[in-house]
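Summary of structural features
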Amino acid sequence: MKRKSINEMTREELAAEYSELLAEYNKVKAERLSLDMSRGKPCREQLDLSDGILTVLRSGDDCFDSLGTDERNYGIISGVPEARTLIAKLCGVEAENVFLGGNASLELMYGAVARAMLFGVYPGSTPWCKLEKVKFLCPAPGYDRHFRICETFGIEMINIEIGENGPDMDTVEKLVAEDESIKGIWCVPKYSNPTGTVYSDETVRRFAALKPAAKDFRIFWDNAYMVHDLYDDAPALLNIFDLTKGTENEDIVYMFMSTSKITHAGSGISAFITSGANMKHALSYLGTQIISYDKVNQLRHAKFFGDSDGILAHMKKHAAILRPRFEEVTEAFEKELGGRDIAAWTKPMGGYFISLDMLAGSAKRVYSLCLDAGVKLTEAGATYPYGKDPKDANLRIAPSYPPLSELRRAAQVLCLCAKLSAVEKMLADSGISDTAVSNV
Ligand code: PLP
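Parameters and conventions
Residues numbered from 1 in each chain as written. Predicted model: local features only at pLDDT ≥ 70, side-chain atom pairs only at ≥ 80, totals over all residues. Heavy atoms only, no water. Near = heavy atom within 4 Å. Polar contact = N/O pair within 3.5 Å; in protein donor to acceptor, adjacent residues only side chain to side chain. Areas by Shrake-Rupley, 256 points an atom, 1.4 Å probe, with all protein chains shown as cover. Helix = DSSP H or I, 4+ residues; strand = E, 2+ residues; numbered from the N terminus. Axes fitted to C-alpha atoms, helices over the stretch in contact; angles between N-to-C directions. Parallel < 35°, antiparallel > 145°, perpendicular 65-115°, else oblique. Left-handed = near helix turned anticlockwise from the far one by under 90°. Contact = heavy atoms within 4.5 Å. Nonpolar A, V, L, I, M, F, W, Y, C, P; charged D, E, K, R; others polar. pLDDT = per-residue confidence, 0-100. Salt bridge = Lys/Arg side-chain N within 4 Å of Asp/Glu carboxyl O. Buried < 20%, exposed > 50% of the residue type's maximum accessible area, 1.4 Å probe, protein only. Pairing = 2+ DSSP bridges.

1. A few points about the site of the ligand
In the region of the ligand, 13 residues are neighbours, and Ser105, Asp222, Tyr225, Ser258 and Ser260 sit closest. Take Ser258: an N or O atom from its side chain is 2.7 Å from an oxygen atom of the ligand. Here an oxygen atom of the ligand sits 2.7 Å away from a polar atom, N or O, in the side chain of Lys261. Computed on the free molecule, the ligand has an accessible area of 400 Å², of which 87% lies beneath the protein chains in the complex. Top element by residues in the shell around the ligand is helix H4 (residues 105-119). It accounts for three residues.

2. Section: the packing of helix H11 (residues 308-337) against helix H13 (residues 404-429)
Running from N to C, H11 and H13 point in directions that differ by 30°, and their axes come no closer than 9 Å. It follows that H11 is roughly parallel to H13 by the angle criterion. Handedness of the H11/H13 crossing: right-handed. Here Pro324, Arg325, Glu328, Val329, Ala332, Phe333, Glu336 and Leu337 of H11 lie close against H13, whose contacting residues are Leu404, Leu407, Arg408, Ala411, Leu414, Cys415, Ala418 and Lys419. Within the contact of H11 with H13, the residues separate by chemical class into eleven nonpolar, no polar and five charged.

3. A few points about the confidence of the model for the protein
For the protein, mean pLDDT is 96; residues scoring 70 or higher make up 98% of the total. Per-element mean pLDDT across the protein ranges from 45 in helix H14 (residues 435-439) up to 99 in strand S7 (residues 218-222). Confidence over residues 433-440 falls short of pLDDT 50; this stretch has 13 contacts with residues more than four positions distant or in other chains.

4. Considering the pattern of salt bridges
Using the criterion set out here, one finds 25 salt bridges in the structure. Measuring nitrogen to oxygen at the nearest pair gives 3.3 Å for the salt bridge that ties Asp36 to Arg39. Using a relative accessible area of 18% as the deciding quantity, one classes Asp36 as buried. Relative accessible area serves as the criterion here: at 32%, Arg39 is assigned to the partly exposed category. Between Asp216 and Lys183 there is a salt bridge; the shortest N-O distance is 2.8 Å. Residue Asp216 is found in the loop between helix H7 (201-208) and S7, and its partner Lys183 is found in strand S6 (residues 182-187); the two are separated by 33 residues along the sequence.

5. Some thoughts on the pairing of strand S13 (residues 394-397)
Residues Asn394 and Arg396 of S13 are buried on one face, and the alternating residues Leu395 and Ile397, pointing to the opposite face, are buried as well. The pairing of strand S11 (residues 354-358) with S13 spans four bridges and is antiparallel. Each residue of the ladder has a partner; that of Asp357, found in S13, is Asn394.

Here it is in structure tokens:
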């Protein structure tokens, strides 16, 4: 049976549904739940998949790399050769274009922005901190920590809409071509956080062929979820380096990735991948900052996986754990919210998040209704620059961490709050001021 859209309901029907939902909400509140769908963290079973990494090196004798270098010692700033090769193969680039860092790609991204600020993007270019204004394009909803880096350095952020093929490229092309103060764009090209978008071939081609006014413009290509497919028929992402190689845009891409959501989130390895010229410039500063990152951990990763196929096989085990969690949430949305014009949500083929769009002006309300009912979500607004969602509509749902039974309950409560907020809004918009509404 077709369900009635909230827009087709009479005031009486809305008021009746409102009382029912309110009674149910009060019952849930009395349960004093404590559930959390805010954290994009792997769950315990996922972390356990990589425990072999803790024992793959058993003694000092195991700590020599394929060239006979003792990786317990100082040196080799760019990283352990076989670990660089492992990541290079996975990313479809040469090992010389891969710099391995510590456990967090976020630190490498922060470092790239900090270097650009202090020293410029290539030899002789003006450090961004000496410019009157530096701006970044920010496809949104997006990853809050990217936005926080910009905010920390006083970089002005410009929202760019993101659709099912990626960012709105007409706007991106136009803005970068006409404004020299635009120096970068944040991209999560595969399974964007939080929308799950995979950039289409055309989008990647248009990125590779961008014509920015600023010569020191860089695409911050954060490929955090490059191998995080939930299904075997996962969409493929074009290799942007294949498209920029040998062109005038050879230096336009800074790519980042890590094994945070492949092995152990707190102790993986990260990579900065870029052209030879960019790498040389970065290394001239990185060498002052550090003698080498944790190469024993890099070697552990290389030995644990063997080769890039080892990583792909390992990711299938993650998918088997994560897939039911994602489906639990999207099925609950379909069952409870489908066909009612209350909300729209993504059904990602991979990554870590589901993006839920409520009626405009409702996300904060749903967030706080959930919080009061014992369900923690990522704060409303967090997916937009400056924490300000212009429509107050978007919520980020992270299904990976809670056990399936908790996730089920949390999704039910979220749906209840979404319905309550929507009916409440319809009643308020139609001029009915029900005291019960403001009492929730
Ligand atoms: N990039 C994106 C898009 C993410 O969603 C996350 C974590 O949620 C990160 C980077 C963090 O990566 P790392 O652990 O390598 O710093």
